[in-house]
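# Coordinate analysis (summary)
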Amino acid sequence: MRERRGFSGFLFDRFLPVGTVVLVIIMIWYAFTVILNAPFERDQAARAGTEITTGQLIEKTLAQERPVLPAPHQVAEEIWKTTALKKITSKRSLFYHGWITLSSTVLGFVMGTALGILLAVLIVQSAVLDKSLMPWIITSQTVPILAVAPMIIVVLNAIGISGLLPKALISAYLSFFPVAVGMVKGLRSPDPMHLDLMRTYNASNAQVFWKLRWPAAVPFLFTSMKVAVAISLVGAIVGELPTGAVAGLGARLLTGSYYGQTIQIWSALISAAVLAALLVFLVDLASRVVQRRMGMVH
Amino acid sequence: MNGALVIGAVVFWIAAWLVNSWLARLRPESQTVGRLINLAIPALFGVTLIVLWEGATRGFNIPSVLLPAPSMIWDRITASLDILWADFYQTFMKAVLAGYVLGCGFGFATAVIVDRVPFLRKGLLPIGNLVAALPVIGIAPIMVMWFGFDWPSKAAVVVVMTFFPMLVNTVAGLSASGAMERDLMRTYASDYWQTLFKLRLPAAMPFIFNALKINSTLALIGAIVAEFFGTPIVGMGFRISTEVGRMNIDMVWAEIFVAALAGSLSYGLLALLERAVTFWHPSYRR
């Protein structure tokens, strides 16, 4: 296949295919909205003793107050109402809830990344730690930590730690793993030739680390940070569930499910998705800027 | 505070550390001894962690509501095997297994179709990559609303969670076979299906197993978290959330132990299977 470049490349290899798939997904969504919401409307019509035409049926299924599946435009309307039309400080503003989730995500992400880097450095520097710690780091990920999140929150609450930190700890636990594994790989990535060259320069261990190993690990660091930031958002959202649903996107999910407010659930879900995409995009942007300044990409 | 216990634990820690650094320096002649040493070092490290944990909780008299000692948790496990088994059966055997098989199966089938149609690949892959990074767990309340409180709703969450990693990895794997090898298949006059089954799927196996391993942890998390949103009165997620409320933290740790055991065993099983299927891969050849 011929490689397309520039604008037409973007148009034919990106925009058209992705646009088509998105369009198809929205169409399927609308179809399912009608199908899933129809039984309720038919039931209503039967109780009222009236006949209902197909046109009326479709119209009504797309405008229910508590639909089984809300239509895309209902979700969009709800998001518009709870972002643009509410004050940011209002408890019904999605910006307010998003900010709470975002702050514990970022705190957890920073802690997790720092811990991951520290562990990786220790593992690369010490053979004992490499052999004793690495298998347990891998085992630690088979523990479904998200399932234990409620306990961590409640227990920390009992000893007086509440608010941001417990949620951030869960995010940190989730995000340290990809960073640790990626960084171990990255710190070991320098060519044996380069390591030999450093030896011929009579470089000390610290010099080898700062001038060779660390720069070589930077691309690995950013790749694993992209994974880490996405799962630390998941950690923050799940961490909000057991706190009695006070605030945050996870709380919106929980209250939505308690009161059958499907539109609220979907709008929280979509905003979480947008937040995740935004965070991954920001990390990607940072990686491009840093690597360009380091002269690693041109 | 019981100083002797704390000091004992710390002494054990230091001793284990010295033994481990001695073991790590050994350069044994035979391979079996080397492999045994590589098993012994992390095992000793794990035992040290448990001894430190036991020593700290008993030595400093940490209330069992905060952190129960390992011996207490073990007592609880042996005392309530029937409850643990019922929860495990409900969550793992029903929801996780059904969802895992369906999700991985759908993901795989979709990947094969997507791979055949370049337009779909260009359109679906960016979206698949995006969704694989999203907090998919958030659909749990919706699924509970649609499929009811029992295990089908949990299985549905697991299906959605496992679908996208499988899709993305399989599509990547299907393009892993080299152009030379595909040309060779053409000179053999093999059709699409022969190339798929004899060349491209075997070449994709490392990627597929990667997805299977990621999914094994995701599936367990998905099923347990989905139970927080509504469940019949059995299941690991249900037990964790109610026993936390009743401050029976040792029971929660018992469930965590079961979950970790199930997670590690499925991971290990997949790793063994991978070794058997991808015996040709450079990382297993010696």
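Everything numeric here is computed off the predicted structure, so don't read it as measured data.

### What about the pattern of salt bridges?
Residue and element names in this part refer to chain A. On inspection of all chains with the given rule, the structure shows seven salt bridges over all chains. A salt bridge links D284 to R288, with the shortest nitrogen-to-oxygen separation between them at 3.2 Å. You can see D284 and its partner R288 sitting in helix α11 (residues 262-293), four residues apart, about one turn around the helix. Residue classification places D284 among the buried positions, given a relative accessible area of 19%. Taken together, the shared-partner salt bridges connect K226, D284 and R288 into one network.

### Points about the side chain of T48 of chain B
Position of T48 of chain B among the secondary structure elements: in helix α2 (residues 31-59). The class for T48 of chain B is buried, based on a relative accessible area of 5%.

### Structural notes on unusual backbone geometry
The phi dihedral of N202 of chain A is positive, around 60 degrees, even though this residue is not glycine. Topologically, N202 of chain A is positioned in the loop between α8 (192-200) and α9 (205-240). Of note, A189 of chain B is a non-glycine position whose phi angle comes to about 60 degrees, a positive value. Summarising the element assignment, A189 of chain B is placed in the loop between α8 (179-187) and α9 (192-226).

### Some details on the domain arrangement of chain B
If you check the domain split of chain B, you get domain 1 (3-62) and domain 2 (77-277). Computed over C-alpha atoms only, the centres of domain 1 of chain B and domain 2 of chain B are separated by 35 Å.

### Comments concerning the packing of α9 of chain B against helix α11 (residues 249-277) of chain B
Residues and elements named next belong to chain B. Between α9 and α11, whose axes approach to 10 Å, the crossing angle comes to 165 degrees. Judged on the interaxial angle alone, α11 and α9 are roughly antiparallel. Helix-helix and strand crossings are classified by hand; for α9 and α11 the assignment is right-handed. The segment α9 lies against α11, with M205, P206, F209, L212, K213, S216, L220 and I224 engaging A259, G263, Y267, L270, A271, L273, E274 and V277. Here the contact of α9 with α11 is built from residues that sort into twelve nonpolar, two polar and two charged.

### Considering the domain arrangement of chain A
Residue and element names in this part refer to chain A. Along its sequence, chain A is carved into domain 1 (6-69) and domain 2 (94-293). Here domain 1 and domain 2 have C-alpha centroids that lie 37 Å from each other. Of the roughly 480 Å² buried between domain 1 and domain 2 on both sides combined, carbon and sulfur atoms contribute 56%. When the buried area of domain 1 at its contact with domain 2 is split by residue, W29, R66 and P67 rank highest and sum to 67% of it. At the boundary of domain 1 with domain 2, the tally comes to zero salt bridges.

Cut-off values and rules
Residues numbered from 1 in each chain as written. Chains lettered and ligands numbered in written order. Predicted model: local features only at pLDDT ≥ 70, side-chain atom pairs only at ≥ 80, totals over all residues. Heavy atoms only, no water. Salt bridge = Lys/Arg side-chain N within 4 Å of Asp/Glu carboxyl O. Helix = DSSP H or I, 4+ residues; strand = E, 2+ residues; numbered from the N terminus. Buried < 20%, exposed > 50% of the residue type's maximum accessible area, 1.4 Å probe, protein only. Domains from an automatic or database assignment. Axes fitted to C-alpha atoms, helices over the stretch in contact; angles between N-to-C directions. Parallel < 35°, antiparallel > 145°, perpendicular 65-115°, else oblique. Left-handed = near helix turned anticlockwise from the far one by under 90°. Contact = heavy atoms within 4.5 Å. Nonpolar A, V, L, I, M, F, W, Y, C, P; charged D, E, K, R; others polar. Buried area = accessible area lost by both parts, 1.4 Å probe.

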